[in-house]
Amino acid sequence: MRRSPLLSIGLPILGVASLAIGVVLVGLGKPKVNASEPSITPVTSPAAAGKESTRSYIGAVGVVEPDSELISIGTPRSGIVQEVYAKLGMIVNVGDPLFKIDDRTASALVGTRQREFEQAKAQLEELKAQIPIRRAQMNEAAARVEATKAQIASAEAEILRAVAEQSETQNQLRMGEILFEKDALAEEEVIRRRNLNNQANARVQSAKAQKQLAVAEAKSAEAEFEERRASLELLEERNGGPGASLRAQQAEVDSRGSALEAATVEYQLLTVRAPIFGTVLQRNVRVGEFAQAGTASESLMVIGSLGTRMLRIQIDEADLPRFQEESAASASPRGRAANRYNLVFNRIEPLIRPKTELGSNATELVDTRVLEVVYAFQLNAELPPPYFGQQFDVFIDATPRN
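Owing to the predicted nature of the structure, the values given are computational and were not obtained by experimental measurement.

K.L.:
So what exactly am I meant to see when it comes to the overall build of the protein here?
P.N.:
Secondary structure summary: the protein contains five helices and 14 strands in total. For the protein, the proportion of its 402 residues judged to be buried stands at 30%. If you take every contact in the protein between residues at least 6 apart in sequence, the share linking residues at least 24 apart comes to 78%. For the protein, the accessible area works out to roughly 25,500 Å², and carbon and sulfur atoms hold 55% of it.

K.L.:
Any chance you could explain the pattern of salt bridges here in plain terms?
P.N.:
Note that side chains of opposite charge can pair when their charged atoms are close. The final tally for this structure, using the stated rule, is 31 salt bridges. Linking Arg-247 and Glu-237 is a salt bridge whose minimum nitrogen-to-oxygen distance equals 2.9 Å. One end of the pair, Arg-247, is in helix 5 (residues 244-269); the other, Glu-237, is in the loop between helix 4 (187-233) and helix 5, and ten residues separate them in sequence. For Arg-247, a relative accessible area of 42% translates into the label partly exposed.

K.L.:
Before we go on, may I ask you to explain a nonpolar patch on the surface in this structure?
P.N.:
A contiguous nonpolar patch, built from Ile-91, Val-94 and Phe-277 and spanning about 330 Å² of accessible area, is present on the exposed surface. One can find Phe-277 in the loop between strand 6 (271-273) and strand 7 (278-283). Using a relative accessible area of 52% as the deciding quantity, one classes Phe-277 as exposed.

K.L.:
Sorry if this is basic, but what is going on with the sheet that holds strand 7 here?
P.N.:
The pairing of strands in a sheet happens through backbone hydrogen bonds and is either parallel or antiparallel. Read from one edge of the open sheet, four strands run 2-9-7-4, paired in antiparallel fashion. Sheet topology places strand 2 (71-73) and strand 4 (91-92) at the edges, where each strand pairs with a single neighbour. Of the pairings in the sheet, the one linking strand 4 to strand 7 comprises two bridges and is antiparallel in character. The residue of strand 7 that forms the bridge with Ile-91 is Thr-279.

K.L.:
What exactly am I supposed to notice about helix 5 here?
P.N.:
An α-helical turn contains 3.6 residues, so any two residues separated by three or four positions project in the same direction. With 26 residues, helix 5 ought to run about 38 Å at 1.5 Å a step, and its terminal C-alpha atoms sit 37 Å apart, in line with that. For helix 5, the elements touching its buried residues are helix 3 (104-181).

K.L.:
Is there a simple way to think about the pairing of strand 10 (residues 309-316) in this case?
P.N.:
Within a regular strand, the side chains alternate between the two sheet faces. Burial analysis of strand 10 places eight of its eight residues in the buried class, the great majority of the element. Bridge count for strand 1 (residues 57-66) against strand 10 is six bridges, and the pairing is antiparallel. Of the residues in strand 10, the one forming a bridge with Pro-66 is Arg-309. Two elements, strand 10 and strand 13 (residues 369-378), share seven bridges in a ladder whose sense is antiparallel. Looking across to strand 13, one finds that Asp-316 is bridged to Val-370.

K.L.:
Any chance you could explain the packing of aromatic side chains here in plain terms?
P.N.:
Tallying each qualifying case throughout the model produces four aromatic pairs. Ring geometry for Phe-377 versus Phe-392: centroids 5.3 Å apart, planes at 65°, classification edge-to-face. In this pair, Phe-377 sits in strand 13 while Phe-392 sits in strand 14 (residues 391-397), placing the two residues 15 residues apart along the sequence. For Phe-377, a relative accessible area of 8% gives the class buried. Grouped by ring-pair contacts, the aromatic residues Tyr-341, Phe-377 and Phe-392 constitute a single cluster.

K.L.:
Explain the packing of helix 3 against helix 4 to me, please; I cannot follow it from the model alone.
P.N.:
Between two packed helices, the angle of one axis relative to the other and the distance separating the axes together describe the packing. Closest axis-to-axis distance for the helix 3/helix 4 pair is 6 Å, and the angle between their directions is 165°. It follows from the interaxial angle that helix 3 and helix 4 lie roughly antiparallel. Relative to helix 4, helix 3 is oriented so that their crossing is left-handed. Looking at the contact of helix 3 with helix 4 residue by residue, the classes come out as 24 nonpolar, 13 polar and 19 charged.

K.L.:
Is there a simple way to think about the environment of Ala-263 in this case?
P.N.:
Inspection of the secondary structure assignment puts Ala-263 in helix 5. With residues up to four places along the chain from it excluded, the contact list for Ala-263 reads Leu-109, Val-110 and Arg-113.

K.L.:
For this particular structure, what's the right way to read the environment of Leu-160?
P.N.:
Among the structural elements, Leu-160 can be located in helix 3. In this structure, the C-alpha to C-alpha distance between Leu-160 and Lys-208, residues 48 residues apart in sequence, is 9.8 Å.

K.L.:
Just checking my understanding: could you explain the side chain of Gln-249 for this structure?
P.N.:
By the secondary structure assignment, Gln-249 is in helix 5. Engagement of the side chain of Gln-249 in a polar contact is seen with the side chain of Gln-123, the distance being 3.3 Å. In contact with Gln-249, other than residues within four places in its own chain, are Ala-120, Gln-123, Leu-124 and Leu-127.

K.L.:
Which parts of the structure should I look at to understand the sheet that holds strand 5 (residues 97-101)?
P.N.:
Read from one edge to the other, the open sheet built from four strands follows the order 6-5-3-8, with strand pairing classed as antiparallel. One side of each edge strand has no neighbouring strand; the edge strands of this open sheet are strand 6 and strand 8 (290-291). Note that strand 5 and strand 6 share three bridges and pair antiparallel. Within strand 6, the residue paired with Lys-100 across the bridge is Thr-271.

K.L.:
Is there a simple way to think about the side chain of Gln-166 in this case?
P.N.:
With respect to the helices and strands, Gln-166 occurs in helix 3. Take Gln-166: its relative accessible area is 17%, and that puts it in the buried class. Among all residues touching Gln-166, those that are not within four sequence positions of it are Asn-197, Ala-200, Asn-201 and Val-204.

K.L.:
Quick question: what am I supposed to make of the pairing of strand 3 (residues 79-84) here?
P.N.:
As judged from the two bridges shared by strand 3 and strand 8, these two strands associate in the antiparallel manner. Opposite Gly-79, over in strand 8, you have Ala-291 as the bridge partner. In this sheet, strand 5 lies alongside strand 3 in antiparallel orientation, the contact comprising three bridges. Paired with Glu-83 across the bridge in strand 5 is Lys-100.

Conventions and cut-offs
- Residues numbered from 1 in each chain as written.
- Predicted model: local features only at pLDDT ≥ 70, side-chain atom pairs only at ≥ 80, totals over all residues.
- Heavy atoms only, no water.
- Helix = DSSP H or I, 4+ residues; strand = E, 2+ residues; numbered from the N terminus.
- Buried < 20%, exposed > 50% of the residue type's maximum accessible area, 1.4 Å probe, protein only.
- Contact = heavy atoms within 4.5 Å.
- Areas by Shrake-Rupley, 256 points an atom, 1.4 Å probe, with all protein chains shown as cover.
- Salt bridge = Lys/Arg side-chain N within 4 Å of Asp/Glu carboxyl O.
- Patch = residues over 30% accessible without salt bridge, like charges linked within 9 Å, V, L, I, M, F, W, Y side chains within 5 Å.
- Pairing = 2+ DSSP bridges.
- Expected span 1.5 Å × (residues − 1).
- Phe/Tyr/Trp six-rings, centres within 6.5 Å; stacked < 30°, edge-to-face > 60°.
- Axes fitted to C-alpha atoms, helices over the stretch in contact; angles between N-to-C directions.
- Parallel < 35°, antiparallel > 145°, perpendicular 65-115°, else oblique.
- Left-handed = near helix turned anticlockwise from the far one by under 90°.
- Nonpolar A, V, L, I, M, F, W, Y, C, P; charged D, E, K, R; others polar.
- Polar contact = N/O pair within 3.5 Å; in protein donor to acceptor, adjacent residues only side chain to side chain.

Next comes the structure, spelled out in C-alpha cells:
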C-alpha cells in the first residue's frame, strides 16, 4: 500500500514538536539555585591567602591542650560515689579533694586496726615497765646468793672453832681419865671434863648442820637468781639490748602498725585528690553513681593548668623531611580561617604514633603515622583565647633553605 504523503511528512514534524515541548517543560520545572557564600570560610594556606605564592607549607591538624596536658582523673578503688567536691571551672590546689567513694567499710577497718595497734603498744610498754622490776628482783636474788655465801663461810669458821675446842676437850678428858685411874684426880673433875667434851661435840654437829642449811639456802638463792636473770633476759639482754619477749612484742607492734598504715592508705585512696594546681575542665561523676576503677571509656574528671595554651599537632611522616623546628607556624580554628594565631615551637615527642586527628582535605591519608609536635600560642587581645580540646588547622613553613 502506498503511504499517504500527509503521514510521511506530518509524523516527523509531530515528533520534533513533541521533543521541543518536552525540553521547554523540563527547563521551566528546574529549580533556581542562587549562588551564596559558604557559611564557613574554607581552610587556606598563608601562601594561598596572601602574596607568598612561592612558599610551601606543611599542613597539619592540632588540638588545644593546657601546658600540663589534659589529666584524666580516675579512682584506684571502685565504689559508689559518696561526695563530689569539685565543680566545673573550680581552681584546685595539689591535694584538694575532688570526690569521695563510699568509705564506711574502710573507716571501720581503720578503727579496728587502730585499736589493735594501741593494744599492742600498751603491751609493749607494760613489758618495758617490767624491766626495772625484774632487774631489782634479780639484784635482790644476787644479794641473797652473796648472803648465803657469807653464811657458809661463817658456818665453816664455826666448825673450825668447834673442832678445835672438841680436840682440846678430848685431850683434857683423856688426861683426866688417866689421872683418875692413878687416883691423882677426883671423879667430879673427870665428869666435868666429860661434859665439856660432850658440849664441844654438840657444837661441832651444830656448826656442820648450820653449814648444810647455809649450803641449801645458797643453792635455793642461786636457782632463784638464775630464774630472775632468765626472766630479765627475756626483756633485756646482758649487753643492754632488747630480749626475746621484747623483740617479739616489738614485732607485733610493727605488724599492727603496718596493718593500720595499710588500712589508712586504703581509706585515703577512697578520696580522690587533685594531682596538680589547675582547673576542673570536665566532670563526669555524680553522687550515687558507681565509679569503676581502672581504664574507663570516659574520664571521671579532667584537670589541666590554665597557664600557656599549647597546640599538639600531628605531622604526617611523609612531611617529616621538610619539617624544621625553627620554621614559622600559624594555626586557625575550624570554621574561622581568618583568625590566624602565631605559634612558638615548644617540643617534639619523639615516639611516632598512628594518626588520630583528621584534617579537612578529602585526599588526606589516614593509614599513616605521625610525629606529634607541641607549639605554644602567641595570644593577643585581638583574638579570643582558644578552648581546650578545640581543633586547629596548622601550617608550618616548609620553604627549602638556600
